[in-house]
Every structure is written in C-alpha cells, then in structure tokens.
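# Summary of structural features
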Amino acid sequence: MFTLAHATGASRPLARAMSTQVQRLGVVGAGQMGLGIALVAAKVAKLPVILMDTKQEQIDKGLKFMEKLLEKDVAKNRISSEDAAAAIKRVTATSSLKDFSDIDMVIEAVSENEILKQSIFAELDKWTKPEAILATNTSSISITKIAAATQKADRVIGMHFMNPVPVMKLVEIIPGLQTSSATLDATKALATAMGKTCTTSQDVPGFVANRLLMPYINEAIMTLESGIATREDIDTTMKLGCNMPMGPLTLADFIGLDTCLAIMKVMYDGTGDSKFRPSVLLQKYVDAGWMGKKSGRGIYEY
C-alpha cells in the first residue's frame, strides 16, 4: 500500500493566476506507468522530472529500467548516447512530497484505488504551490471525486496514458466538473510536448478507452468461463478473425487482471448497468493472486 505522511498546510484562495507552460514536472509512483511518464517527459519534452515513491527499492528498480530502455533506444539509433545521458540527468528521485513545492505540474500514477488517490491528492494540495496542476493517470475513477479532496479542484484533471507509455501515442484527457479551461489547455500542451496525441472525454466511469475496451475483455473472460472455447482459441479467433493485434485474454494479462477487475467494478458501481458486471472467473483469478504477466500467472502462465 502506498502511504504518505500527514502534513499540515495553510488554506489557499480559490482565485489564482496560472501559467500555461509546465517547466518542472513531478510524478508520483515509480511503477510501470509512473516510470514511463517520467521517461517520456525527460526524453521527449526535455523537462526536469522529480520521480516520487515511498519505496526506495521501487525507485532504484525503476531508474535502472529507465537506463535500459534508453540504452535500447541508443542501440537502435533512435537517440544519441548524449541525448540518453541528458534524459537520465533530468530525472531525480525522492521519497517525500515536500520536494514538490516548486513543481508546476504533478502526475499521479499509483494503483487504481479511489481512496488511495484521494488521500494522495489531499497531500499534494498541501505541499504544492497554489498554481500547480494536479493530474491523475486514472483509467476509470471520477476526476470530480478526486478533485474534491483538494482546495484547488479547478487545477485537477485526468491524464490517462496508455501502457506502455513510451510506445503508445495516445493520452486521454478528462476534465472534471470543476476543471478550468486553462488547466485543460495546459495539460493538452504538455501531452503534445511529450509527443502524444490527445483525445478528450467527459468524466464518466471508464471514460472512452476503458468503456469500450473492458467490456470486450470481460466478455472474453466470460466466454472462457462458460467453456465455449479455450483461451488459445478465443485469442486466436480475435487476432486472425478480427485482425486484433493481441488477443483479449493475453491483453488482460498484460494490463493486469486486478486492474481489469477494478475498472469493471468502477463502471458497474458508477452506472448500475449489468453490462459492466465483472466476470466471476475474473474475480476468482484475482482472489487467487493470479494478476497476469506481472505475477507470473494470470489466464496464461509466464
């Protein structure tokens, strides 16, 4: 569990001026998504980045992986060794949100858990400067709810990166009910500087990407659960019959079955629509600790 120490801070006025240019970026969470966001910001947008995580081993692991990714880029002549070295130097690490006091924008990239995200945003509100933008990489949770945990809800926005961040070109931008147009413009500008294409979604459960993707994956798991076909035949049918680059069950393992389940629950609870009811088999796999590729076992074995 990602935990943050309690801190106190003075209340801030709601009316604030805001620069539309992000010059220093903070990233909360040194896992796969946070690391990818930090890497792209440092390499493509050439921004100084502070990567924050409470676990030093996660930070060390992430920075080593970042170096390996940059080494691959150099080996494939995508960037020069000088540019790779410069990108690494732009990234610094910390275990404390106090080091975000002069950051222009923070992107939170922790587990898909509403209570966890709200607690982090309440802390970010205390430690960041009044005009800082606070973005969440949530793939399904209400931006409006997350923003309500802060005193500057107009500066809170959703910035849903696709996985893996260094490869995927899309960022889904989600303004909450309170999000200002200036915050939306600044966020789009940052995503563009990071080499991404932006789409915008209303703040509804699942947004656009997962509102379409997750029921497809969930139905594939229900098809397996019902014994209609084997996991291999389900994936092969969609790959070779429907020209999908990856079968839905393989994709579910890649995303993480726990993440798929969490998103389905958010959409089901948020809409009450039975079409978003999570598969019983999906819940069983997660209960068993079979989270997908990251745990060595999911629908497939790794």
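Looking at an unreviewed UniProt entry, one finds the protein named 3-hydroxybutyryl-CoA dehydrogenase and attributed to Bifiguratus adelaidae. For the record of the protein, the UniProt heading Sequence similarities (unreviewed entry) holds the text "Belongs to the 3-hydroxyacyl-CoA dehydrogenase family." What UniProt states about the protein under its Pathway (unreviewed entry) heading is, verbatim, "Lipid metabolism; fatty acid beta-oxidation."

## What to know about the nonpolar core
With 39 residues, the main nonpolar core has Leu25, Met159, Phe161 and Leu190 as its most contacted residues. With near-sequence residues (within four places) excluded, Leu190 lies in contact with Val22, Leu25, Leu47, Met105, Ile107 and Met159. Counting residues in each nonpolar core, the second largest holds 22 residues, with Ala220, Ile221, Leu282 and Tyr285 among its members.

## Points about the packing of aromatic side chains
Counting across every chain of the model gives 1 aromatic pair. Here Tyr285 and Trp290 contribute two aromatic rings whose centre-to-centre distance is 5.4 Å and whose plane-to-plane angle is 80 degrees, an arrangement assigned as edge-to-face. In this structure Trp290 comes out as partly exposed when scored by relative accessible area, which is 30%. The side chain of Arg297 reaches across the aromatic face of Trp290, ending 3.6 Å from its centre.

## Here's the deal with the environment of Val49
By the secondary structure assignment, Val49 is in strand β2 (residues 49–52). Given the relative accessible area of 1%, Val49 is considered buried. Sequence-wise, Val49 and Lys239 are 190 residues apart; in three dimensions their C-alpha atoms are separated by 38 Å. Apart from the residues lying within four places of it in its own chain, the contact partners of Val49 are Leu25, Val27, Ala38, Ala41, Ala42, Arg90, Val91 and Thr92.

## Concerning the pattern of salt bridges
Within the structure shown, the criterion is met by 14 salt bridges. Across the salt bridge formed by Lys43 and Asp73, the nearest N and O atoms sit 2.8 Å from each other. With Lys43 in helix α1 (residues 32–43) and Asp73 in helix α2 (residues 56–75), this residue pair connects regions lying 30 residues apart in the sequence. On the basis of relative accessible area, Asp73 is assigned to the buried category, the value being 7%.

## Looking at the sheet that holds strand β8 (residues 197–200)
A sheet is described by the order of its strands in space; here 8 strands give the open sequence β3-β2-β1-β4-β5-β6-β7-β8, paired in mixed fashion. Sheet topology places β3 (91–94) and β8 at the edges, where each strand pairs with a single neighbour. Direction aside, the axes of adjacent strands within the sheet are offset by 25 degrees on average. As paired elements, strand β4 (residues 105–108) and strand β5 (residues 133–136) share 4 bridges and run parallel to each other. Residue pairing for β5: Ile107 is matched across the bridge by Ala135. Contacts from α1 reach β1 (25–28), β2, β3, β4 and β6 (156–161), with the element oriented near 170 degrees to β2.

## Quick look at the packing of helix α8 (residues 231–242) against helix α9 (residues 248–255)
Pairs of packed helices are described in terms of their axes, by the angle between the two and the distance that separates them. Where α8 meets α9, the axes come as close as 7 Å, and the angle between the chain directions of the two elements is 105 degrees. In terms of their interaxial angle, α8 and α9 are classed as roughly perpendicular. Judged by residue contacts, Arg231, Ile234, Asp235 and Met238 of α8 engage Pro248, Leu249 and Thr250 from α9. Its residues assigned to classes, the contact of α8 with α9 shows 4 nonpolar, 1 polar and 2 charged.

Conventions and cut-offs
Residues numbered from 1 in each chain as written. Predicted model: local features only at pLDDT ≥ 70, side-chain atom pairs only at ≥ 80, totals over all residues. Heavy atoms only, no water. UniProt positions renumbered as here; feature names shortened; annotations may be inferred. Core = buried A, V, L, I, M, F, W, Y, C linked by side-chain atoms within 4.5 Å. Buried < 20%, exposed > 50% of the residue type's maximum accessible area, 1.4 Å probe, protein only. Contact = heavy atoms within 4.5 Å. Phe/Tyr/Trp six-rings, centres within 6.5 Å; stacked < 30°, edge-to-face > 60°. Lys NZ or Arg CZ within 6 Å of the ring centre and 35° of its normal. Helix = DSSP H or I, 4+ residues; strand = E, 2+ residues; numbered from the N terminus. Salt bridge = Lys/Arg side-chain N within 4 Å of Asp/Glu carboxyl O. Pairing = 2+ DSSP bridges. Axes fitted to C-alpha atoms, helices over the stretch in contact; angles between N-to-C directions. Parallel < 35°, antiparallel > 145°, perpendicular 65-115°, else oblique. Nonpolar A, V, L, I, M, F, W, Y, C, P; charged D, E, K, R; others polar.

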